[in-house]
Amino acid sequence: MTKHNEWNLDNSYQRLPGIFYSRVSPVAVKAPILIKLNESLAKELGLDIEELKKEPDIFAGNQLPEGSVPIAQAYAGHQFANFTMLGDGRAVLLGEQITPEGRRVDIQLKGSGRTPYSRGGDGRAALGPMLREYIMSEAMHGLNIPTNRSLAVATTGESVQREIDFPGAIVTRVASSHIRVGTFQFARQWGTVDDLRALADYTIDRHFPDIKEDDNPYLSLLKEVSKRQAALIAKWQLVGFIHGVMNTDNMAISGETIDYGPCAFMNSYDKSTVFSSIDVQGRYAYGNQPDIGGWNLARFAESILILINEDEQKALPLAKEVIEEYVQLYDQNYLNGIRKKLGIVKEKEDDTVLIRRLLDLMEQHKADFTNTFRALTLDQFDDNIRLFQSKAFKEWYQQWQDRLDEQNESKEQVQQLMRTHNPSIIPRNHRVEEAIEAAVSEADYQVMDQLLSVLSNPYAYTADQEPYTIEPPDSDDNYQTFCGT
Ligand code: AMP
Ligand code: MG
């Protein structure tokens, strides 16, 4: 039986006022080759894998899938606290796929050529960073963290000029939407109040239909965004994920992780960890992420105050209350998560003391974040690790055991809980680089495929994951990541 590829695209974003987008086609490339296809994701989307494999043109922008009316989206954003106009400068939204389950997801090409929002940029992307996005987003998905996903990577047969020439590539991203805090900031700054309201109503319909009938749906919108952001950033903190560029244009209203430019995972526990080459002040350091989430939320609140109450002065105290609640929401999410990482089922107030003590010891002994929790989960402690040799850790361990003994759960139940909350592996920077290097320099995709395979279930604790638990020798002290490359 031959099946066609089952694209089922809608273009609802274009029912918004025209200022929110520009109609633009991807710019055709010389010689597309589909080098990576995410088959399980394709299935979820209702797409036919064999057909897709025959169609590198779609993933390179040379041909449009049936039903696509492509656009670039307009948005603004605070980049390192400076407000500016942005927009999809190298991305094109092909349309929204309605999945067999009835979900609506954006299908977007990134690296697909210049758009009206490209400013000085070439609209293109290099293969290495697109593979990086693929690996990191799929790793986040494996960790059960909300994220946009990667459906495919195609090379273009063209080179992109950066410090040197690199092979060009396009990644196909799948997201529950690309509406950002920066989209609202754009509407508030350059649109009318009607434009802003249209965006807010669209967002509510698409992501939060339950609040539509609330007394003040726009205040509810702020609360919902706050909830999702608090939950998301807590999840990041709990696995040591450092986003690297939490500008307001990179914060999705849906609560998914988006924009995988300079992100990286922390090795040894240190709140000041930064990998991004441009983050010289450490604004987006690991330990600052929760606060930056709050800062971004405040920018979101400012942009919709006028919808909450046409007298913004009256809206202000309502919004402030939500932003203050964000801090508690975040703390709750984080504490609940870390309790589970320690096998603690019910909360007790002085758990925070136990938790703080462990984190302090980890910081003091430069202990690897992932592997410390892995060791606690397996109850196996390598004598070569400084933290585990220390008297203070041994005392802490006893206190922890006493705390676990207060519970009714069996040792097995506790371990099961810990296993589902402590990944055995994360995408270590040296492993990610190794996979990208093999792909880019030698067209060898096996290293990447193997990495993706072990990362697809990081909670599996299988033997083939073990080699991926090894820490880089210098804790990645000199490791740097780059944006917009
Ligand atoms: P990012 O750092 O990826 O969040 O990008 C910030 C802004 O720069 C967005 O508006 C991007 O579309 C734009 N941008 C990044 N790289 C390029 C490029 N090569 N060409 C055009 N625009 C770009
Ligand atoms: Mg961005």
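Scoring rules and cut-offs
Residues numbered from 1 in each chain as written. Chains lettered and ligands numbered in written order. Predicted model: local features only at pLDDT ≥ 70, side-chain atom pairs only at ≥ 80, totals over all residues. Heavy atoms only, no water. Helix = DSSP H or I, 4+ residues; strand = E, 2+ residues; numbered from the N terminus. Rg over C-alpha atoms; globule rule 2.2 N^0.38 Å. Buried < 20%, exposed > 50% of the residue type's maximum accessible area, 1.4 Å probe, protein only. Contact = heavy atoms within 4.5 Å. Areas by Shrake-Rupley, 256 points an atom, 1.4 Å probe, with all protein chains shown as cover. Lys, Arg positive; Asp, Glu negative; His and termini not counted. Charge placed at Lys NZ, Arg CZ, Asp CG, Glu CD. Donors = N, O, S within 2.8 Å, 3.2 Å for Na, K, Ca; no water.

## Observations concerning the overall build of the chain
Stage number 1. When helices and strands are counted, the chain shows 16 helices and 12 strands.
Stage number 2. Relative to the globule expectation of 23 Å for 485 residues, the C-alpha radius of gyration of the chain, 23 Å, shows essentially globular dimensions.
Stage number 3. Projecting the C-alpha coordinates of the chain onto the three principal axes gives extents of approximately 65 × 60 × 50 Å.
Stage number 4. Here the chain holds 485 residues, and 58% of them are scored as buried.
Stage number 5. Within the chain, contacts between residues at least 6 apart in sequence are counted, and of these 71% link residues at least 24 apart.
Stage number 6. With an accessible surface of roughly 20500 Å², the chain has 47% of that area assigned to carbon and sulfur atoms.
Stage number 7. Averaged over its 50 positive side-chain charges, the chain has a centre that lies 1 Å from the centre of its 71 negative ones.

## A look at the side chain of Asn-38
Stage number 1. Following the sequence through the fold, Asn-38 ends up in the loop between strand E3 (33–37) and helix H1 (39–44).
Stage number 2. Taking the relative accessible area as the measure of exposure, Asn-38 reaches 6% and is therefore buried.
Stage number 3. When residues no more than four places from it in sequence are discounted, the contact partners of Asn-38 are Tyr-134, Glu-138, Arg-149, Ser-150 and Leu-151.

## Overview of the coordination of the magnesium ion (ligand 2)
Four donors placed tetrahedrally around a metal ideally meet at 109.5 degrees, and six donors placed octahedrally ideally meet at 90 or 180 degrees.
Stage number 1. Coordination of the magnesium ion (ligand 2) by the protein comes from Asn-250 (OD1) and Asp-259 (OD), over a distance range of 2.0 to 2.2 Å.
Stage number 2. Residue classification places Asn-250 among the buried residues on the basis of a relative accessible area of 8%.

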